[in-house]
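Results of the structural survey
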Amino acid sequence: KEAAEVEELQATHKSEVKALKACIIELEDKVGDLVERLKARGVPAEELKEIVAATGLDRVVRKRGNVFKRLYADAMERTRRFQEFCGSVRRMQEEEFLHVMSAVGFTSKLP
């Protein structure tokens, strides 16, 4: 019975942690959006930087920027790997095509 209670408590904690992480991400996005809107309204960058630092939100704003940089770098890496994969598939298709053509007795007259 105790093991079931512990498992239920762990499941509840995992659910709460997941919800809290989602709230943190939402807060980071909203703070980042606020900073961008203030910049767009003409709040001097130095003044904005001081306010953000004084409120302790500078860590949140920096973290948001790092997340986007990381996501961009990840997307670029996935694009590079996909291009390599497409190239290898293309080479395999060309080799298979040449193999089939030679099997049916077709010879290329290209240089």
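Quick caveat: nothing in here was measured; it's all calculated off a predicted structure. (Residues numbered from 1 in each chain as written. Predicted model: local features only at pLDDT ≥ 70, side-chain atom pairs only at ≥ 80, totals over all residues. Heavy atoms only, no water.)

Observations regarding the overall build of the protein
- For the protein, the helix and strand inventory stands at 3 helices and 0 strands.
- Listing the helices and strands of the protein from first to last along the sequence gives α-α-α.
- Within the protein, the fraction of its 111 residues that count as buried is 7%.
- Of the roughly 10,000 Å² that the protein leaves accessible, carbon and sulfur atoms contribute 61%. (Helix = DSSP H or I, 4+ residues; strand = E, 2+ residues; numbered from the N terminus. Buried < 20%, exposed > 50% of the residue type's maximum accessible area, 1.4 Å probe, protein only. Areas by Shrake-Rupley, 256 points an atom, 1.4 Å probe, with all protein chains shown as cover.)

Considerations on the pattern of salt bridges
- Tallied over the entire structure, the rule returns 7 salt bridges.
- Here Lys-39 makes a salt bridge to Glu-36, at a shortest N to O gap of 3.8 Å. Of the two residues, Lys-39 and Glu-36 are both situated in helix H1 (residues 2-40); the distance of 3 residues between them amounts to about one turn of the helix.
- Three or more residues joined by partner-sharing salt bridges are found here, namely Glu-77, Arg-80, Arg-81 and Glu-84. (Salt bridge = Lys/Arg side-chain N within 4 Å of Asp/Glu carboxyl O.)

Observations concerning a nonpolar patch on the surface
- Side chains of Val-100, Val-104 and Phe-106 sit close together on the surface and give an oily, nonpolar patch of about 300 Å² of accessible area.
- Take Val-104: its relative accessible area is 63%, and that puts it in the exposed class. (Patch = residues over 30% accessible without salt bridge, like charges linked within 9 Å, V, L, I, M, F, W, Y side chains within 5 Å.)

Quick word on H1
- End to end, H1 covers 57 Å across 39 residues, agreeing with the expected 57 Å (1.5 Å per residue, within 8%).
- Among all positions of H1, only Glu-28, Val-31, Gly-32 and Val-35 are buried.
- Gly-42, located one to two residues past H1, shows a positive phi value of around 95 degrees. (Expected span 1.5 Å × (residues − 1).)

Topic: the confidence of the model for the protein
- The pLDDT averaged across the protein works out to 85; a share of 89% of its residues lies at or above 70.
- Here helix H3 (residues 58-103) stands out as the least confident element of the protein, with mean pLDDT 84; helix H2 (residues 45-54) is the most confident, with 90. (pLDDT = per-residue confidence, 0-100.)

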